[in-house]
Amino acid sequence: MSTVNSIPRTVKFAGADGITLVADEWNRGAAPAADHPTILMLHGGGQNRFSWKNTGQILADDGFHVVALDSRGHGDSDRAPNADYDVETLTADVMHVLDAIGRPVAIIGASMGGLTGILAAERAGPDRVTRLVLVDVVPRFEKDGSARIREFMFSGLDGFETLEQAADAVAAYLPHRKRPRNPEGLKKNLRLRDGRWYWHWDPAFMTKPGDDPELRTEKFEHAASGLKIPVLLIRGKLSDVVSPEGVQHFLTQVPRAEFVELSNAGHTAAGDDNDAFSDAVVAFVKRG
């Protein structure tokens, strides 16, 4: 299929309470095939829309209209008033974006974005959200793996003196991933302020009070079990956030779900083995 513009451009959406959400968009104005939904990509906590750069480009080159969104408080989107990063508010933001897109959407969500995607898919219904890809996340995730993520995010709250220091922190957190020779790529995820490099997300995202984790799990499981659309769960085999037991439980709760495991990936599956990840995603969203 020919594309109109497979080079992404930066766009803005209005989220809940008028907050401004920034996204990269490919192929706006294209006429996608009838069986090609728009792809809405939702990153994980502490990440941003650039996490999807390679896969977004692959989908765009295949003729899909693609939107990779910065969640509130992340990347270039507005920080939330009163540090409101509750998953219900994140879901409300996504509902606003779905309204603005105005056509059927397949959601691809990693970690926090996947849990948000479950709730958005339930609320939007199968005519508006037609497929859901969950990237290394299930409602019953592993507490130790989640705690390791939080530890990594907290460790950078005071910033880094150099990009090399930030690269050291990432390498320690992701020992299975080959470290880039040049840390310049981290500039997509960091901002220089007063001589130090800070992660490009609101620190209040980490320090806000949380709700009851058991009730959150029940909420996500209830929403996921009621989905009537095809669901693909992608797990990184090296993940400490999603266990094989967590996968099996999810598959019993969501009978229509399919499962793919990436042998060379961890929790950050899309970045760990992007070729295999993109192949799995493209095959799933292209299926009629």
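Here is what the cut-offs are and how they apply
Residues numbered from 1 in each chain as written. Predicted model: local features only at pLDDT ≥ 70, side-chain atom pairs only at ≥ 80, totals over all residues. Heavy atoms only, no water. Core = buried A, V, L, I, M, F, W, Y, C linked by side-chain atoms within 4.5 Å. Buried < 20%, exposed > 50% of the residue type's maximum accessible area, 1.4 Å probe, protein only. Domains from an automatic or database assignment. Helix = DSSP H or I, 4+ residues; strand = E, 2+ residues; numbered from the N terminus. Pairing = 2+ DSSP bridges. Axes fitted to C-alpha atoms, helices over the stretch in contact; angles between N-to-C directions.

## Observations regarding the nonpolar core
Inference 1: Formed by 63 residues in total, the largest nonpolar core has its most connected members in Phe13, Leu40, Ile107, Val231 and Phe250.
Inference 2: If you count residues domain by domain, this core takes at least three from each of domain 1 (9-144 + 212-286) and domain 2 (145-204).
Inference 3: Judged by nonpolar contacts, the second largest core, of 26 residues, contains Val135, Ala270, Val282 and Val285.

## Re unusual backbone geometry
Inference 1: Unlike most non-glycine residues, Asp17 shows phi in positive territory, near 60°.
Inference 2: Position of Asp17 relative to the elements: it lies in the loop between strand E1 (9-14) and strand E2 (20-26).
Inference 3: Residue class for Asp17 comes out exposed when judged on its relative accessible area of 75%.

## Thoughts on the sheet that holds strand E3 (residues 38-42)
Inference 1: Spatially, eight strands are ordered E1-E2-E4-E3-E5-E6-E9-E10 in an open sheet, and the strand pairing comes out mixed. Two strands close off the open sheet at either side, each with one partner strand: E1 and strand E10 (257-262). When the angles between neighbouring strand axes are averaged without regard to direction, this sheet yields 20°.
Inference 2: Summarising the sheet, strand E6 (residues 129-135) and strand E9 (residues 231-236) pair through four bridges and their orientation is parallel. Looking at E9, one finds that Leu134 is bridged to Leu233.

Keep in mind that these numbers describe shape and distance, not what the molecule does.
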